[in-house]
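# Per-entry structural report
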Number of protein chains: 2
Amino acid sequence: MAAITEHGLAELTMAGLARRLGTSGGHILYYFGSKDQVLVETLRWSEERLAPRRAELVAGSAPAGERLAGYVDLYLPTGAADPRWLLWVDVWSRTIAVPELREAQAELDRGWHEDLVRLVDDGVRAGEFAPTDAEAFSVRLRAMLDGFSTQIVIGVPGVDRDVLADHAKDHARRTLAPALL
Amino acid sequence: MAAITEHGLAELTMAGLARRLGTSGGHILYYFGSKDQVLVETLRWSEERLAPRRAELVAGSAPAGERLAGYVDLYLPTGAADPRWLLWVDVWSRTIAVPELREAQAELDRGWHEDLVRLVDDGVRAGEFAPTDAEAFSVRLRAMLDGFSTQIVIGVPGVDRDVLADHAKDHARRTLAPALL
DNA sequence: CAATCGCTTTGAACGGCGTTCAAAGACCGT
DNA sequence: ACGGTCTTTGAACGCCGTTCAAAGCGATTG
């Protein structure tokens, strides 16, 4: 992750990474099998580091609306070169050619999905949100967040992370708003 | 596009493409400059082929709701290996390393955005949709569609193109529904 | 203590990639 | 028939991810 942050994913080669780690390219592949596996394991590691904060958002005692806003902020890339999202986009394009990546990737997604469903159900149960199909809500919101994240991380001119975050939060607020009476 | 359809983007090499075209790799690069440019020009060509149908959706006389559903169907990939969307995902990951692609890509996006804004404004003007910030609606819906498209084209297990299309259409319908009184 | 044996680690070699470029070919106005 | 410009080729280049034979290392054993 540090290597990606410093020089970008495109500059990350087996030989370069090995040099940085004081070992050889062959050695890395002895354990990981392929560069694809290195990348997907790095993504997994990166996602695991977010797990505690995500768990807190699901289990926390703050109003569900606030926790949902926190979920959006945690999901989106921090900025134009967020290494976690560089990995996501790269893994997407590699998944098309390398089916072994598909399951790992689907599994990471599932974690985000299940937590969001719990969070929304929690808010509904507390009467803070209108009765909602949490599954459908999660599928839609996360797709929107994926689209926003892509734009942010590839640096589409004129897009601003915080503006897009507000779009997502506003969408959530309106969709989950309890009926006025 | 035919080569991508038949063998996938990962198998598409300069030498292989040249052989298929009865020419040499150097010759393709004489005109295109780089493989990245070949891909982005191919994407542009592919998008241009959709332009007439998109224009018809904007200018058509059918109810705006129906035209919006048509927009969703045109936007999403046709299936798991839609070559247009293989190119999109590939261009996303290359854009990160090759800034020259960014403008081309943003420009293609702009076309979809502007047409969707017109379509929604049209529906609002006709009283078919509630008064809506069409800009914001377009930013959100297209992000959602990008997220869905990614999942479809990379073949996430368990996702179905038509189910996701219905999600998008339902989101649009609910968001744009005129108030009940 | 030496021999053995599995697990690590190396780095040279490999095939294939996108790209470059000197040379050859084709075309055309004069 | 010549000259000049634009095309086209294909060999060469540097770099990539990956493979694999050989060497290194440490623990187990007689």
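As the structure is a prediction and not an experimental result, all values here were calculated from the model.

### Description of the packing of helix H9 (residues 161–176) of chain A against helix H8 (residues 134–154) of chain B
The interhelical angle for the contact between H9(A) and H8(B), taken along N-to-C directions, is 95 degrees, at an axis separation of 11 Å. The angle between H9(A) and H8(B) falls in the class roughly perpendicular. The residues of H8(B) that touch H9(A), namely those facing A:Leu164, A:His167, A:Asp170, A:His171 and A:Arg174, are B:Ala136, B:Val139 and B:Arg140. Class assignment for the residues of the contact of H9(A) with H8(B) results in three nonpolar, two polar and three charged.

### Remarks on a nonpolar patch on the surface
A contiguous nonpolar surface patch, about 420 Å² in accessible area, is contributed by A:Tyr30, A:Tyr31 and A:Phe32. Structurally, the position occupied by A:Tyr30 is in helix H3 (residues 25–32).

### With respect to the nonpolar core
Soluble globular proteins tend to bury their nonpolar side chains together. Ranked by internal contacts, the top residues of the largest apolar core, which has 104 residues, are A:Leu68, A:Tyr71, B:Leu68 and B:Tyr71. Those residues in contact with A:Leu68 that lie beyond four places of it in its chain are A:Leu116, A:Leu119, A:Phe129, A:Phe137, A:Leu141, A:Ala172 and A:Leu176.

### Examining the protein's contact with DNA strand C
Near DNA strand C, the surroundings consist of A:Thr23, A:Ser24, A:Gly26, A:His27, A:Tyr30, A:Tyr31, B:Leu12, B:Thr13, B:Met14, B:Leu29, B:Ser34 and B:Lys35. Protein-adjacent atoms of DNA strand C, using a 4 Å cutoff, are sugar or phosphate at a proportion of 67%. Residue A:Thr23 places a side-chain N or O atom 2.5 Å away from a phosphate oxygen belonging to DNA strand C. For the surface near DNA strand C, the leading source of residues is H3(A), giving four residues. Residues of the surface near DNA strand C, tallied by class, amount to five nonpolar, six polar and one charged.

### Details of the layout of surface pockets
Computed from the structure, the largest pocket encloses a volume of approximately 910 Å³. Taken together, 25 residues make up the lining of the largest pocket; nearest its centre are A:His171, A:Arg174, A:Thr175, B:Arg174 and B:Thr175. Breaking the lining of the largest pocket down by element, the ones donating at least two residues are helix H8 (134–154) and H9 of chain A together with H8 and helix H9 (161–176) of chain B. Grouping the amino acids of the lining of the largest pocket by side-chain chemistry returns eleven nonpolar, six polar and eight charged. The space that makes up the second largest pocket amounts to roughly 520 Å³. Forming the walls of the second largest pocket are 23 residues, and the residues nearest its centre are A:Ser93, A:Arg94, B:Asp90, B:Ser93 and B:Arg94. For the lining of the second largest pocket, the secondary-structure elements that each account for two or more residues are helix H6 (83–97) of chain A together with helix H6 (83–97) of chain B. Per-class residue counts for the lining of the second largest pocket are twelve nonpolar, four polar and seven charged.

### A look at the relation of the copies chain B and chain A
Between chain B and chain A, the superposition needs a rotation of 180 degrees and an axial shift of 0.0 Å, giving an RMSD of 0.0 Å. The two molecules are tied by a two-fold rotation axis, judged by turn and shift. Nearest to the rotation axis, the C-alpha of B:Met144 is located 1.9 Å from it, this being the minimum over chain B. Interface overlap between copies: 100% of the residues of chain B at the interface are likewise at the interface in chain A, consistent with a symmetric, same-surface contact.

Calculation notes
Every chain's residues receive numbers from 1 upward, in the order its sequence appears when written. Starting at A for chains and at 1 for ligands, labels are handed out in the order in which the entities are written. In keeping with the predicted nature of the model, local features appear solely for residues at pLDDT of at least 70, side-chain atom pairs appear and are counted solely at 80 or more, and the whole-chain, interface and lining totals rest on all residues. Computation of side-chain values: all heavy atoms of the structure, hydrogens and water removed. Axes here refer to lines fitted to C-alpha atoms; in helices the fit is confined to the stretch in contact. Angles between the N-to-C directions go from 0 to 180 degrees. Numbered from the N terminus, helices here are DSSP runs of H or I no shorter than four residues, and strands are runs of E no shorter than two. Here the angle decides the label: under 35 degrees means roughly parallel, over 145 means roughly antiparallel, 65 to 115 means roughly perpendicular, and every other value means oblique. Whether two residues touch is decided by their heavy atoms; if any such pair falls within 4.5 Å, the residues are in contact. Gly falls in the polar group here, along with every residue not listed as nonpolar (Ala, Val, Leu, Ile, Met, Phe, Trp, Tyr, Cys, Pro) or charged (Asp, Glu, Lys, Arg). Patches draw on residues past 30% relative accessible area with no salt bridge. Two like charges within 9 Å are joined, as are two nonpolar side chains (Val, Leu, Ile, Met, Phe, Trp, Tyr) within 5 Å. Only the protein chains shown count as cover for residues, and the accessible areas themselves come from Shrake-Rupley with a 1.4 Å probe. We count a salt bridge whenever a side-chain nitrogen from Lys or Arg sits within 4 Å of a carboxyl oxygen from Asp or Glu. Residues grouped as a nonpolar core are buried Ala, Val, Leu, Ile, Met, Phe, Trp, Tyr and Cys residues, joined through side-chain atoms within 4.5 Å. Burial here depends on accessible area, computed with a 1.4 Å probe over protein chains only, as a share of the maximum for the residue type. Under 20% is buried, over 50% is exposed, and the range in between is partly exposed. Distances are taken per atom, and a residue is near a molecule or strand as soon as one of its heavy atoms is within 4 Å of it. N or O atoms within 3.5 Å of each other form a polar contact, as long as, within protein, one can give a hydrogen and the other can take it, and as long as residues adjacent in sequence are counted only when both atoms are side-chain atoms. The definitions used throughout rest on a 1 Å grid laid over the protein atoms alone, on which a cavity is an enclosed set of points accommodating a 1.4 Å probe that cannot get out and a pocket is an open set flanked by protein within 12 Å on both sides along at least five of seven lines; lining residues are those having an atom within 4 Å of a point. Grid points are joined across faces, edges and corners, and a volume is the space filled by probe spheres set on the points. Here the copies are matched by least squares. The fit uses the C-alpha atoms of residues with pLDDT of at least 70 in both.

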